[in-house]
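# Structure assessment
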Amino acid sequence: MFRGVLGKTFRLVGYTIQYGCLAHCAFEYVGGVVMCSGPSMEPTIRNSDVVFAENLSRHFHSIQRGDIVIAKSPSDPKSNICKRVIGLEGDKILTTSPSDFFKSRSYVPMGHVWLEGDNLQNSTDSRYYGPIPYGLIRGRIFFKIWPLSDFGFLRDSPNGHRFSDD
């Protein structure tokens, strides 16, 4: 009797570890559901919107200008940020202060990206902390799940003119 209970317990623990490993790999390498908070990506993503983030793009280095990404915050590694990729390594970016009075050019070094929120007046982004290392990117957001009225692929940036400033 004891041997039967012990055997069932070990099997249960074994299955739990296997499914835990599978879930970890799925969330780490394939993607997952994310709830975004804060106003920095409005009107594209609003506070408490639920989106799907895929993680394969970062592993294959296929992040492009205009993509919305989830990244570790450079100023607080315990939190994530949701921003749009404005520049890739080697790009020159025309940066503006929140007041739009001062404009300057910034260079994106190798292995880094330039991130900005769609709501430029209410976003803490690369204009404040500079380009971020590519390794901080956790995934690429491309699909909105909630609210159901906005269900579907994400729309283009309201600041699309910022992607190409030759």
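Summary of the structure given here. If you're wondering where the values come from, they're calculated on a predicted model, not measured in any experiment. (Residues numbered from 1 in each chain as written. Predicted model: local features only at pLDDT ≥ 70, side-chain atom pairs only at ≥ 80, totals over all residues. Heavy atoms only, no water.)

### Focus: the nonpolar core
The criterion, for reference: Nonpolar cores are built from buried Ala, Val, Leu, Ile, Met, Phe, Trp, Tyr and Cys residues. Side-chain atoms within 4.5 Å join them into one set. We call a residue buried when its accessible area falls under 20% of the maximum for its residue type, exposed when it is over 50%, and partly exposed in between, using a 1.4 Å probe and counting protein chains only. Strands are runs of DSSP state E lasting at least 2 residues, helices are runs of H or I lasting at least 4, and numbering of each runs from the N terminus. The criterion used for residue contact is that any of the two residues' heavy atoms lie within 4.5 Å.
Counting residues in hydrophobic clusters, the biggest one holds eleven residues: Ile63, Val69, Ala71, Ile81, Val85, Leu88, Val113, Leu115, Ile132, Tyr134 and Ile137. Counting only elements with at least two residues in this core, the list comes to strand S3 (68-72), strand S4 (80-87) and strand S7 (112-116). When neighbours within four sequence positions are excluded, valine 113 is seen to be in contact with Gly87, Leu88, Val108, Ser126, Pro131, Ile132, Tyr134 and Ile137. One finds Ile45, Val51, Ile68 and Cys82 within the second-largest nonpolar core, a separate group that totals ten residues.

### Thoughts on unusual backbone geometry
Excluding glycine, most residues fall at negative phi; most peptide bonds, likewise, are trans. Here the amide bond leading from glutamate 42 into proline 43 is cis, since omega sits at 10°, within 30 degrees of zero. Mapped onto the elements of the fold, proline 43 is located in the loop between strand S1 (31-35) and strand S2 (50-54). At the junction of tryptophan 146 and proline 147, the peptide bond is cis and its omega measures out at 5° in the coordinates. At serine 48, a residue that is not glycine, the phi angle is positive and equals roughly 75°. Considering the arrangement of structural elements, one finds serine 48 in the loop between S1 and S2. The partly exposed category is assigned to serine 48, whose relative accessible area is 36%.

### Considerations on the packing of aromatic side chains
Where we set the bar: Stacked, tilted and edge-to-face are the three classes assigned to paired rings of Phe, Tyr and Trp, where Trp is represented by its six-membered ring and a pair needs centres within 6.5 Å; plane angles under 30 degrees give stacked, over 60 edge-to-face, the rest tilted.
What the rule picks out here adds up to five aromatic pairs. Taking 5.0 Å as the distance between ring centres and 90° as the angle between the ring planes, the aromatic pair formed by phenylalanine 143 and phenylalanine 151 counts as edge-to-face.

### Regarding the side chain of arginine 84
Heads up, the condition is: Two N or O atoms form a polar contact when they lie within 3.5 Å of each other; inside protein one atom must be a possible hydrogen donor and the other a possible acceptor, and for residues adjacent in sequence the pair counts only when both atoms belong to side chains.
Structurally, the position occupied by arginine 84 is in strand S4. A distance of 2.8 Å separates polar atoms of two side chains, one belonging to arginine 84 and the other to aspartate 118.

### Brief notes about the pairing of S4
Condition: What makes two strands pair is DSSP finding at least two bridges between them.
Judged by how many residues are buried, S4 sits mostly within the fold: seven of eight residues are covered. Of the pairings in the sheet, the one linking S3 to S4 comprises five bridges and is antiparallel in character. Across the sheet, residue isoleucine 68 finds its bridge partner in S4, namely arginine 84. Where S4 meets S7, three bridges bridge the pair, whose relative direction is antiparallel. Bridge pairing in S7 links arginine 84 to glutamate 116.

### Remarks on a nonpolar patch on the surface
For clarity, the threshold we go by: Each patch is assembled from residues with relative accessible area greater than 30% and no salt bridge, linking like charges that lie within 9 Å and nonpolar side chains (Val, Leu, Ile, Met, Phe, Trp, Tyr) that lie within 5 Å. The method behind every accessible area is Shrake-Rupley, applied with a 1.4 Å probe, and residues are considered shielded solely by the protein chains displayed. Each salt bridge in this description consists of a side-chain nitrogen of Lys or Arg and a carboxyl oxygen of Asp or Glu lying within 4 Å of one another.
Taken together, the side chains of Tyr15, Tyr19 and Leu22 present a nonpolar region at the surface, about 370 Å² in accessible area. Its place among the elements puts leucine 22 in helix H1 (residues 2-30).

### Re the layout of surface pockets
We apply this condition: Here a cavity is any set of points on a 1 Å grid over the protein atoms alone where a 1.4 Å probe fits but cannot get out, and a pocket is any open set with protein on both sides within 12 Å along at least 5 of 7 lines; a residue lines the site when it has an atom within 4 Å of a point. Grid points are joined across faces, edges and corners, and a volume is the space filled by probe spheres set on the points.
If you add up the space inside the largest pocket, you get close to 450 Å³. At the level of elements, H1, S1, S3, S4 and strand S9 (137-146) are the ones that each hand at least two residues to the lining of the largest pocket. Ranked by the residues each element gives to the lining of the largest pocket, the list is headed by S1, at five residues.

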